[in-house]
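# A closer look at the structure
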Amino acid sequence: MTNILKKLLLCFCLCFGFIEAAAQYRFDHWTADNGLPQNSVRDIVQTRNGYLWLATLDGLVRFDGVRFTVFNKSNSPGIISNRFLQLYEDGQGDLWPAQKAAD
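These notes cover the structure that comes with them. (Residues numbered from 1 in each chain as written. Predicted model: local features only at pLDDT ≥ 70, side-chain atom pairs only at ≥ 80, totals over all residues. Heavy atoms only, no water.)

## Quick look at the side chain of N82
By the secondary structure assignment, N82 is in the loop between strand 4 (68-71) and strand 5 (84-89). A relative accessible area of 13% places N82 in the buried class. Here the side chain of N82 touches K73 through a polar contact of 2.8 Å, landing on its backbone nitrogen. (Helix = DSSP H or I, 4+ residues; strand = E, 2+ residues; numbered from the N terminus. Buried < 20%, exposed > 50% of the residue type's maximum accessible area, 1.4 Å probe, protein only. Polar contact = N/O pair within 3.5 Å; in protein donor to acceptor, adjacent residues only side chain to side chain.)

Shown next, in the form of structure tokens:
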């Protein structure tokens, strides 16, 4: 009988611990309604300074945890196309977006 009680206690502790751990995570769903230029994201990188950068086919997006800032050819000199495919952060912390040819 004590083995059964030990097993039940262990199961209870494992289940209770899982519920508490699961409550620590939060999932958000971001769309164009929240400030993305479009609903499809091609790549995501979190840089050392904490920003999330998102590559979309309608601009490069920086997310600071509250708001999205969109960088595209109409508001950022040097951007030749709004179509971003991949993102890479180098060893110095610089962000390198890969763009599709000019549209």
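## Quick look at the environment of S40
With respect to the element layout, S40 can be found in the loop between helix 1 (2-22) and strand 1 (43-46). Separated by 17 residues in sequence, S40 and L57 place their C-alpha atoms 7.6 Å apart.

## Overview of the sheet that holds strand 4
Pairing within the open sheet is antiparallel, and its 4 strands lie in the order 1-2-3-4. The outermost strands of the open sheet, each flanked by one partner alone, are strand 1 and strand 4. Each neighbouring strand pair of the sheet contributes to a mean axis angle of 20°, computed without reference to strand direction. (Pairing = 2+ DSSP bridges. Axes fitted to C-alpha atoms, helices over the stretch in contact; angles between N-to-C directions.)

## Describing the nonpolar core
Counting 7 residues, the largest nonpolar core consists of V45, W53, A55, L60, I79, F84 and L87. Every element with two or more residues in this core is listed here: strand 2 (52-56) and strand 5. The residues touching W53, leaving out its near neighbours within four places in the chain, are D43, I44, V45, T47, L60, V61, R62, F71, L87 and L95. Among the nonpolar cores identified, the runner-up in size contains 6 residues, and L36, L54, V61 and F68 belong to it. (Core = buried A, V, L, I, M, F, W, Y, C linked by side-chain atoms within 4.5 Å. Contact = heavy atoms within 4.5 Å.)

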